[in-house]
Every structure is written in structure tokens, then in C-alpha cells.
Amino acid sequence: MSKVYNFSAGPSMLPEAVMKDVQKEFLDFNGIGAGVIEISHRSKDYLAIAEKAAADLRDLMNIPDNYKVLFMHGGGRGVFANLPMNLGTAEGSADYIVTGAWSGYAAEEAVKYTHVNSMRGDFVNADGKVELKLKDLPLKKDAAYVHMCMNETIHGIEIFDAPETGDVPLVADISSCILSRRMDVSRYGMLYGGAQKNIGPSGITIVIVREDLIGHAQSITPAIWDYKVTADHDSMLNTPNTFAWYFAGKVFAWLKSIGGVEAMEAMNKEKSELLYGFIDSSDFYSNNVAVSARSRMNIPFFLKDSSLDQQFIAEAKANNLISLKGHRVLGGMRASLYNAMPLEGVKALVSFMEKFEKAHK
Ligand SMILES: *Cc1c(COP(=O)(O)O)cnc(C)c1O
């Protein structure tokens, strides 16, 4: 099999070393004669895996001691519901900054459980590029929290400079940028994300929440979605997705072994700058996000002549570059350059794009 580079937005490419390691011990973990997915989540062997994963994540993200790290059910969308259940109240309100599709979905879901004060955090500038404006937002002093999406996976917009929210806790969806760069956890009341972009298989959700914010969930909150109950049971009130948690632990260990988040951040900068640089140098391809707001993880781009889209996708695939079709909301193309995408993959993409451009100019 020749090397295929997978640009899928999620579930997405995972580190080859981890894939192989997991395959190797799939039938027989640690010489116990059973696979990890066949043993009890309360067994000594499994608890060691679970605890190490949590400790490595704390280490990688430099998570302060007064934050809980929860491994939950329900994905990013689950948090769209359980966030207002846990941190909000039915009578009170929460602020939602909308900068693209995902932050919009979060606001829509929250309406069921609290009053949502929704505001745009982006605009189209005079050059037709999407830019962020996160200063002087109409935030409410009595909001339970302010929600934002750090990386808009569909629109390719990333917030590098989080807004000031004073005493109101800032909550960020980091589903598609977790562990891609350094983040100051202490600036946030809560950070969360589904695992299937930078961490591992789908089916497990990371919630990193400041201790003082939990413990007063709305009475309608299902027990498995109550952050305090989850914390008190070390994320094992019921059976977690044991495989996804185990796999995530492998990815955390892999990331530590290659230099941690700081090293990854440098690689992600290099990869994304290579692709953006090429797109900007060409008048055959374009990206419509202002430089300051461009995502390092998800890069939507458009061919000047959209009638070539199908051919571009087919030829890319023939060149071992898969999953480049853009999200249906935007059309065009999207290249997701998550942590597991090597620089060689981006070089191969740029070289293909160059050839395609020459052939169709
Ligand atoms: C993928 C994604 C989600 C949704 O995640 P699920 O786990 O599928 O619910 C939410 N927010 C962002 C930013 C995402 O990229």
C-alpha cells in the first residue's frame, strides 16, 4: 500500500506509530491474554491505563490542580447541551459568541436549557475576508458564562486571542484544536472537545473544568452528564468508551515523546504556513479568511473555477490525497492538518495543487 495522506476533518488521521502499537496489542494486552476492549473498566490493568491518560493530558496541557479532567459521553454536541445544564440556570443567561457553524450550533442547543444572548464575533472586511472582532462585544455582567469556539472546523477560523470576560467564566470548544498549540488553561472556566480530531477515535469527550464551577447542575441533568457526579466517580459512573480512552492515552504518550504541545505547535505552524503561502501565491486557488483569523487545523480553499472541483477531488485521490472535499455548508475544498498529518503530507498536497493548476490554467 503506498502512503495515503488523509485530510479528513474528523474522524481523522491518527499517528501511524500509535495505530501500529494498538494493532500489535489488540488481541493480547500486556500479556494478560485478552484485549483492552475485553477487560473491565474497573480492573487494575484498565485503571492504570485510564489514570495515566488523564495524568499525561494534565501534563501536556499544563492543567492547574483546581481543574477537573473528565472523560465523558456524547461528543462535542453533547457538551452543547450539558454545558448549560451544568454551568447555567433555566432562569439566568449565557453569552454565546458566534464565529461560524459550530459556535452557532452550540448557541442553538443551549436555548433549550438557559437564556442565550448570542452575538457575532466575526465580520467580512473591505477585502472580502472574514475577520474576528472580539473586543467590545455586548457581553452581560450577570451571564453564567461566555461560550466561544476556539477553532471553527468548517469555516477555518481560529481564535488566537481570547476575549476578556472579567469575572464571567470563559468556556471554549476546542474539539478541533486541542493539543495543537499551547493554551493557558487558567484563562478559561472550561475547555472541552470530542476526541476524534486530534486525540483518537470518536466516542469520548474531554471536559476540563474549574472545580468551583461544578456541583450545581440543573435538576434535569442526567447523572452521566453531571460534571460533579462524573468527577466524583473518576469519569466511571457507568462504563466509559474504554477503547477510545485507551487510544487517547497512547496518543498523549506519543505527543509527549515527540516534544509535547510546544513542538507540535511549531510543526502545525510550519504545515499551515506552507499551504496558506501556496494558496496566497496562486490566483487559481483562494481562501477567504483574514490572515489573523486563519485556522492552523482546517484550511478551506476554493478553485477559481468550481466546475473543476470534482476533477480536483478525483485526481487528488488518484495521487493518494484523500478527503479533500469541502464541508457541504461551504463547498469547495478543505484540508485538515491535524497533529498526525506529517509535513510530507502537506508538501505532497501543495505539489499536487501546483501540477493541477498548471494543467488547467
Ligand atoms: C467536530 C466538532 C464538534 C462536534 O463533535 P461531535 O463529537 O461530533 O459532537 C463540535 N465542535 C467542533 C468545533 C467540532 O469540530
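Heads up: the structure comes first, above all this text.
Parameters and conventions
Residues numbered from 1 in each chain as written. Predicted model: local features only at pLDDT ≥ 70, side-chain atom pairs only at ≥ 80, totals over all residues. Heavy atoms only, no water. Pairing = 2+ DSSP bridges. Helix = DSSP H or I, 4+ residues; strand = E, 2+ residues; numbered from the N terminus. Axes fitted to C-alpha atoms, helices over the stretch in contact; angles between N-to-C directions. Near = heavy atom within 4 Å. Polar contact = N/O pair within 3.5 Å; in protein donor to acceptor, adjacent residues only side chain to side chain. Areas by Shrake-Rupley, 256 points an atom, 1.4 Å probe, with all protein chains shown as cover. Nonpolar A, V, L, I, M, F, W, Y, C, P; charged D, E, K, R; others polar. Salt bridge = Lys/Arg side-chain N within 4 Å of Asp/Glu carboxyl O. Phe/Tyr/Trp six-rings, centres within 6.5 Å; stacked < 30°, edge-to-face > 60°. Buried < 20%, exposed > 50% of the residue type's maximum accessible area, 1.4 Å probe, protein only. Lys NZ or Arg CZ within 6 Å of the ring centre and 35° of its normal.

K.L.:
Quick question: what am I supposed to make of the sheet that holds strand β2 (residues 67–72) here?
P.N.:
The strands making up a sheet associate through backbone hydrogen bonding, with each pair oriented either parallel or antiparallel. As summarised here, the arrangement of the 7 strands in space is β2-β12-β11-β10-β7-β3-β4, forming an open sheet in which the pairing is mixed. The sheet is open, and its two edges are formed by β2 and β4 (115–120), each paired on a single side. Across this sheet, the average inter-strand angle for adjacent strands is 20 degrees, counted without regard to direction. Relative to strand β12 (residues 205–210), β2 runs antiparallel, the two being bridged by 6 bridges. Among the inter-strand pairings, methionine 72 is bridged to a residue of β12, identified as threonine 205.

K.L.:
Whenever I open this one, the site of the ligand confuses me. Can you help?
P.N.:
Neighbouring residues of the ligand: 13 residues in total, closest Arg77, Thr153, Asp173, Gln196 and Lys197. Contacts to the ligand include aspartate 173, whose side-chain N or O atom sits 2.6 Å from a nitrogen atom. Take lysine 197: an N or O atom from its side chain is 2.7 Å from an oxygen atom of the ligand. About the coverage of the ligand: the protein hides 86% of its 390 Å² of free accessible area. Tallying contributions element by element places helix α3 (residues 75–87) first for the shell around the ligand, with 4 residues. Its residues assigned to classes, the shell around the ligand shows 3 nonpolar, 7 polar and 3 charged.

K.L.:
Explain the pattern of salt bridges to me, please; I cannot follow it from the model alone.
P.N.:
A side chain of one charge can pair with a side chain of the opposite charge when the charged atoms of the two come close. In total, this model carries 20 salt bridges according to the counting rule given. Across the pair glutamate 25 and lysine 250 runs a salt bridge whose closest N-O atoms are separated by 2.7 Å. Of this pair, glutamate 25 sits in the loop between α1 (16–24) and α2 (44–61) while lysine 250 sits in helix α6 (residues 242–257), placing them 225 residues apart in sequence.

K.L.:
What should I look at first to understand the packing of aromatic side chains in this one?
P.N.:
The description of an aromatic ring pair rests on the distance of the ring centres and on the angle between the ring planes. Applying the stated rule across the entire model yields 18 aromatic pairs. Pairing phenylalanine 26 with phenylalanine 243 gives two aromatic rings, centres 6.5 Å apart and planes at 85 degrees, and the pair type is edge-to-face. Placement of the pair is phenylalanine 26 in the loop between α1 and α2 and phenylalanine 243 in helix α6, with a sequence separation of 217 residues. Assessed through its relative accessible area of 39%, phenylalanine 26 is described here as partly exposed. Of the aromatic side chains, those joined through ring pairs into one cluster are Phe278, Phe284, Tyr285, Phe301, Phe312, Phe352 and Phe356. Its guanidinium or amino end placed over the ring of tryptophan 102, lysine 197 lies 5.6 Å from that ring's centre, counting from NZ or CZ.

K.L.:
Can you walk me through the environment of valine 79 in this structure?
P.N.:
With respect to the helices and strands, the residue valine 79 is situated in helix α3. Each C-alpha atom, one on valine 79 and one on tyrosine 192, is 7.7 Å from the other, the two residues being 113 residues apart in sequence.

Function-wise, these values are silent; they only describe arrangement.
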